[in-house]
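# What the coordinates show
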Amino acid sequence: MLSIKNLTASINGTPVLKGIDLEIKAGEIHAIMGPNGSGKSTLGKVLVGHPAYEVTGGEVLYEGRNLFDMAADERARAGLFMGFQHPIEVPGVSNAAFLRLAYNKKAEAEGRDELDPLEFDDFIHEKIKLVAMKEEFLDRSLNEGFSGGEKKRNEILQMAVLEPKLAILDELDSGLDIDALRVLGDAVNKLQRPDRALLIITHFPRILETIQPQFVHVLSGGRILKSAGKELAIELEDRGYDWVLEEAAAGGAR
Amino acid sequence: MSSTLNVVTSQEYKYGFVTDIEADSVAPGLNEDVIRFISAKKGEPDWLLAFRLKAYRHWLTMTEPEWAKVEYPKPDFQKIVYYSAPKPKKPQYASMDEVDPELRRTFEKLGVPIHEQEALAGVAVDVVFDSVSVTTTYREKLAAVGIIFCSFSEAVKSHPDLVKQYLGSVVPSSDNFYAALNSAVFTDGSFVFIPKGVACPMDLSTYFRINNKESGQFERTLIVAEEGASVSYLEGCTAPQFDTNQLHAAVVELVALDRASIKYSTVQNWYAGDKNGVGGIFNFVTKRGLCKGKASHISWTQVETGSAITWKYPSCVLLGDDSIGEFYSVALTNHKQQADTGTKMVHIGRNTKSTIISKGISAGDSSNSYRGLVKVQPKAEGARNFSQCDSMLIGQSCSASTFPYIEVQNRSARVEHEATTSKIGEEQLLYFQQRGIPAEEAISMIINGFCKDVFRELPMEFAVEATKLLSLKLEGSVG
Ligand SMILES: Nc1ncnc2c1ncn2[C@@H]1O[C@H](COP(=O)(O)OP(=O)(O)OP(=O)(O)O)[C@@H](O)[C@H]1O
Ligand SMILES: [Mg+2]
């Protein structure tokens, strides 16, 4: 589904990604962990087409197509989704109107019927149940004044509306209370299918108990230093990152 | 992958065509003879010529205002044509069919309904082409309830006493440089009179069009609503695309007597000049409403998208106790456009209330300023004002400024002012794009959200137009 080869990228001339290799197949769940500032969010933003980042080398294929040949909105309509670490607030734009436009753009691209406001109303009411969101959030301005956790919930609502093939969830768990973490974790699991894939960026193994990855990668200094099964998450929790860095410096295994 | 901001912006101005029509014009230049010529051409009574000459003599002693945050080459007033009228086949059009077909086609192209059959449901239209009013629709229907809606020149002939009573009563001829100039040379405009107790059954609308390259447009609008009367009035404007600047210096006066209400909405789309700032209209307009009676209500709503320079402060003088003044504004500037616009709310009567909602959007290299005065005079016991001035920036090289002036001379008054500045930046756009929404639609959605509080004040059809116009004007400015 997604194949990243030796990807390098920089922002304002500063290299942040220094050669990423990663292969994600349909049905898989991957987790990326790593120290602050190591480039995790950057990787996600580069993949979804954030204009501030410059791709300086490497190659990314998404379902066999060169990802960088596609505009950001085209990538989204092709099924790529990112739940942001810090979702932005948009005053005056109603959450429901935004969700409907996003839904209809994708429906249009896939040759499905677009939903009028009434049809969408029925549709969205099913979706908000999945993430246990209160109805009133639909009428509010997009993310405006939402608490950190509410914003994350809204991101997963958008994911549920768009049903992406590949979802990158950047620190979904940060800012969530215990119940919300369980609800949203379950929602993400329900949305996962054999023909879909997930890339979970996190600092904590807890969320990985609900959304169980087959692969855990350690990203540090713009490189993936180690990849293993989900037991790696627990080991990192116990031992921190230093040993991974040392291992890598000693020319150790990746 | 460099910034997606600042890519294009060249949606062509679609009203930029010129109508090839024979015009009856005076030679460029201004002196007392030109004023006498205009007045004679219109067969005006002596008092009106005297009004003009007094204004002219005062204007000669005045200098152009310099305080606005706009820069432009000062117009050469001797190069302007002060009278230009499409030459009619007959002196008066008895019906629309006699209007020059070329002129009719112009308005068809502009989408302005001048045939009653084709008119927008429930909107009566007065059409002003260069200096002259071409047609007014639905006149008889309105006359049946005592409403007068006609061109200014006609009103001077048919209702001289009303014109004489109210002309200059809100904006004196000596008010400011451009108002004085207008008072001296105004050629046409609209006149509306709503008698006591009558609620105007339809929206009234004037459509202004500048066609002549050298002509200035100096129109004069006067709206009077008597006790308990109400009216909603819409104004639209376009101009052809020339590489020289044309001057538009209008005066609009509104008078509301006891419990009367006037709602005045404008969608201004004068030619703004090209991407490099060549050409475009200089829009120097004085608009003022007098809430003369008790519990009267005047509301200005404007969507300013055109003109190279906009200098405009639709204001309310709240004289009657319990009167209400409102100003809702969206001003959008792009490329090299400059706008300095806002309002004045002068509280004189007791318990007077005013609301100011201003939304400035700047893109390209433009400059967009809000300038507003809230003045509470000593006798305005219990006066209240709420102002909200928000600016939105698109891209890196535009600017937005806010100049709120507050003068309060009564201690019981409450004046609140809020201001915000935001940016449509890459992050916001990426968020929309990441959800599959193309940049253009994203901008349109963000801008509409930003302007929501103003758009909901516009009559339905105007609101739809305004929404489209803003999207058009910003097309490509982010992309
Ligand atoms: N606009 C920018 N200008 C300069 N440096 C930047 C900019 N944006 C990000 N960076 C740098 O890029 C590096 C990677 O940032 P990124 O957000 O990808 O880290 P992260 O791994 O997601 O960290 P965290 O765990 O704290 O979320 C950081 O050192 C950050 O400071
Ligand atoms: Mg991050």
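Above this text is the structure in question.
Here goes a summary of the coordinates provided. (Residues numbered from 1 in each chain as written. Chains lettered and ligands numbered in written order. Predicted model: local features only at pLDDT ≥ 70, side-chain atom pairs only at ≥ 80, totals over all residues. Heavy atoms only, no water.)

A separate point is the site of ligand 1. Residues and elements named next belong to chain A. In the vicinity of ligand 1 there are 15 residues, among which G37, K40, S41, T42 and H203 approach most closely. Protein chains shield 63% of the accessible area of ligand 1, which is 640 Å² for the free molecule. Top contributing element to the shell around ligand 1 by residue count: helix 1 (residues 40-48), with three residues. The residue makeup of the shell around ligand 1, split by class, is four nonpolar, nine polar and two charged. (Near = heavy atom within 4 Å. Areas by Shrake-Rupley, 256 points an atom, 1.4 Å probe, with all protein chains shown as cover. Helix = DSSP H or I, 4+ residues; strand = E, 2+ residues; numbered from the N terminus. Nonpolar A, V, L, I, M, F, W, Y, C, P; charged D, E, K, R; others polar.)

Take the nonpolar core next. Of all hydrophobic cores here, the largest spans 116 residues; its most connected members are L169(A), I361(B), F432(B) and I447(B). Ignoring sequence-local partners within four residues, the contact set of L169(A) consists of F81(A), G83(A), I156(A), M159(A), V188(A), L198(A), L199(A), I200(A) and I201(A). (Core = buried A, V, L, I, M, F, W, Y, C linked by side-chain atoms within 4.5 Å. Buried < 20%, exposed > 50% of the residue type's maximum accessible area, 1.4 Å probe, protein only. Contact = heavy atoms within 4.5 Å.)

Quick look at the packing of aromatic side chains now. Residues and elements named next belong to chain B. Under the defined criterion, the tally for this structure stands at 26 aromatic pairs over all chains. One aromatic cluster in this structure is built from Y56, W59, W67, Y72, F77, F177, Y178, F282, F284, W311 and Y313. For the cation-ring pair, R52 lies above F186, with the distance from its terminal atom to the ring centre recorded as 4.1 Å. Over the ring of F450 we find K359; its NZ or CZ atom is 5.2 Å from the centre of that ring. (Phe/Tyr/Trp six-rings, centres within 6.5 Å; stacked < 30°, edge-to-face > 60°. Lys NZ or Arg CZ within 6 Å of the ring centre and 35° of its normal.)

Okay, the interface of chain B and chain A next. Contact residues are listed per partner, giving 22 residues for chain B and 34 residues for chain A. Of the roughly 2,500 Å² buried between chain B and chain A on both sides combined, carbon and sulfur atoms contribute 65%. Seen at the junction of chain B and chain A, the total is two salt bridges. With its nearest N and O atoms 2.8 Å apart, the salt bridge here joins K105(A) to E441(B). Where chain B packs against chain A, one counts 14 residue pairs in polar contact (both at pLDDT 80 or more). (Buried area = accessible area lost by both parts, 1.4 Å probe. Salt bridge = Lys/Arg side-chain N within 4 Å of Asp/Glu carboxyl O. Polar contact = N/O pair within 3.5 Å; in protein donor to acceptor, adjacent residues only side chain to side chain.)

Another aspect to go through is the side chain of T266(B). Residues and elements named next belong to chain B. As for its placement among the helices and strands, T266 is situated in strand 12 (residues 261-268). Relative accessible area serves as the criterion here: at 2%, T266 is assigned to the buried category. In this structure the side chain of T266 is engaged in a polar contact, spanning 3.2 Å, whose partner is the side chain of K287. Apart from the residues lying within four places of it in its own chain, the contact partners of T266 are E235, K287, T301, Q302, V303, E304, K312 and F462.

Read these as geometric descriptors, not functional statements.
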